[in-house]
Amino acid sequence: MSLTIATWNINSVRFRIDIVERLLMHHAPDVLCLQETKVMDDAFPHAIFADHGYHYSVINGQRMHHGVATLSKIPLIEDNRHDWQDNGEARHVGARLPNGLRIENVYVPAGGDTPDATVNPKFGQKLAFVERMTRWSESLSDDTVIVGDFNIAPLECDVWNHKALLDVVSHTPVEVAALAALQQSHDWVDLGRHFVPPPERLFTWWSYRAADWRLSDRGRRLDHIWASPAAARAATAFEVLEDARDWGKPSDHVPQIATFDL
């Protein structure tokens with residue numbers, strides 16, 4: 001059985017439904033994990049996904065902010081969510097496939113603009129979120145794939161300019177260390193860097209502020225697909241759909257797709 005899992009911070013699923021449909025029509029992943037859906041559960045556009053064969057879903061929505069959704073052509077068993085920020089924000093949803101594989105879909109807080117928790121509480125909340133994820137990760141025993149917008153670019157080659165971004169939230173040493181501790185807590189395999197070894201260029205986000213994102217190419221790798229060791233051994237392919245940054249009404253993030261032979 002070949003299984004494809006896609007992840008995408010869509011930055012409003014209703015506003016960008018046309019490019020979501022483009023992904024579904026041309027790439028048709030078996031499972032699609034969305035972050036920053038920005039819609040309550042009762043207003044989620046289920047019918048459009050059903051038209052493309054996605055009849056199963058687990059949704060954790062929030063009006064105008066945050067929100068995660070996992071849509072699937074394959075039945076989804078269970079529906080769990082963790083409040084790793086401990087403030088009620090909709091940032092995680094988890095499900096299990098019939099073969100036992102868990103898929104965890106997460107949207108880590110951005111953390112504000114100042115990398116100092118004493119003056120910027122949002123930064124402290126981000127670090128606490130990752131710490132709680134790490135404690136959860138330590139206890140995992142199931143084959144698991146965790147995907148989403150982690151809002152941290154861990155490697156020097158995961159940003160357009162390492163030295164320029166050392167003091168910029170998403171690439172600071174304290175965030176990188178926190179993400180490394182999370183990865184080590186379950187021996188997660190970073191599939192992006194498994195298939196595209198460093199220092200090869202690999203970005204998933206470009207700011208809207210750039211007049212020409214391709215020309216400036218000031219990207220960061222904020223979005224990730226990680227697999228537990230057994231699941232990682234079944235991974236056969238990985239791709240970033242960089243051209244999606246040019247699709248109509250684009251998100252500032254682009255989709256990633258991992259393929260598994262299960």
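For the structure, see preceding data.
So, here is what we can say about the structure in this document. (Residues numbered from 1 in each chain as written. Predicted model: local features only at pLDDT ≥ 70, side-chain atom pairs only at ≥ 80, totals over all residues. Heavy atoms only, no water.)

Counted by the stated rule, this structure contains 8 aromatic pairs. Seen in terms of ring centroids, tryptophan 84 and phenylalanine 129 are 5.8 Å apart; in terms of plane orientation they differ by 75 degrees. Their pairing is edge-to-face. Here tryptophan 84 is found in the loop between strand 5 (77-80) and strand 6 (92-96), whereas its partner phenylalanine 129 is found in helix 3 (residues 121-138), with 45 residues between them in sequence. Comparing tryptophan 84 with phenylalanine 129 shows no difference in burial state: the two are buried. Here a set of aromatic residues connected by ring pairs shows up, and it is made of Trp84, Phe129 and Trp136. Taking the ring centre of tryptophan 160 as reference, the NZ or CZ of arginine 218 above it sits at 4.2 Å. Of note, lysine 249 hangs over the ring of phenylalanine 15, and the distance from its end group to the ring centre comes to 4.4 Å. (Phe/Tyr/Trp six-rings, centres within 6.5 Å; stacked < 30°, edge-to-face > 60°. Helix = DSSP H or I, 4+ residues; strand = E, 2+ residues; numbered from the N terminus. Buried < 20%, exposed > 50% of the residue type's maximum accessible area, 1.4 Å probe, protein only. Lys NZ or Arg CZ within 6 Å of the ring centre and 35° of its normal.)

So, on to the sheet that holds strand 6. Taken in spatial order, the 6 strands line up as 5-6-7-8-12-9 in an open sheet, and their pairing is mixed. Of all strands in the sheet, those bounded by a partner on one side alone are strand 5 and strand 9 (189-190). Pairing geometry for strand 5 and strand 6, over 2 bridges, is antiparallel. Bridge pairing in strand 6 places asparagine 80 opposite glycine 94. Taken strand by strand, helix 3 contacts strand 7 (102-107) and strand 8 (144-149), and its axis lies near 170 degrees from that of strand 7. (Pairing = 2+ DSSP bridges. Contact = heavy atoms within 4.5 Å. Axes fitted to C-alpha atoms, helices over the stretch in contact; angles between N-to-C directions.)

This part covers helix 4 (residues 173-185). Its 13 residues give helix 4 an end-to-end C-alpha distance of 18 Å, which sits within 8% of 18 Å, the value for a rise of 1.5 Å per residue. If you check which residues of helix 4 are buried, you get Glu175, Ala178, Leu179, Leu182 and Ser185. Along the long axis of helix 4, the arc covered by the buried residues comes to 120 degrees, so they all point the same way. For helix 4, exposure combined with an orientation more than 90 degrees from the buried face picks out Pro173 and Gln184. (Expected span 1.5 Å × (residues − 1). Arc of directions from axis to C-beta.)

Position of arginine 221 relative to the elements: it lies in the loop between strand 11 (219-220) and strand 12 (223-227). Exposure remark for arginine 221: the relative accessible area of 1% places this residue in the buried category. Discounting residues that sit within four places of it in the chain, arginine 221 has contacts with Ile152, Ala153, Pro154, Leu155, Asp158, Asp190, Gly192, Arg193, Leu202, Phe203 and Thr204. Only 2.8 Å separates the side chain of arginine 221 from the side chain of aspartate 190, close enough to count as a polar contact. (Polar contact = N/O pair within 3.5 Å; in protein donor to acceptor, adjacent residues only side chain to side chain.)

We now examine unusual backbone geometry. In this chain, proline 198 is followed by proline 199 through a cis amide linkage whose omega measures 10 degrees. Phi is positive for methionine 64, which is not a glycine, with a value near 70 degrees. Note on placement: methionine 64 falls in the loop between strand 3 (56-60) and strand 4 (68-72). Looking at methionine 64, the relative accessible area reads 51%, which means it is exposed. With a phi close to 75 degrees, glutamate 78 is a non-glycine residue in the positive phi region. Mapped onto the fold, glutamate 78 is located in strand 5. In this structure glutamate 78 comes out as partly exposed when scored by relative accessible area, which is 40%.

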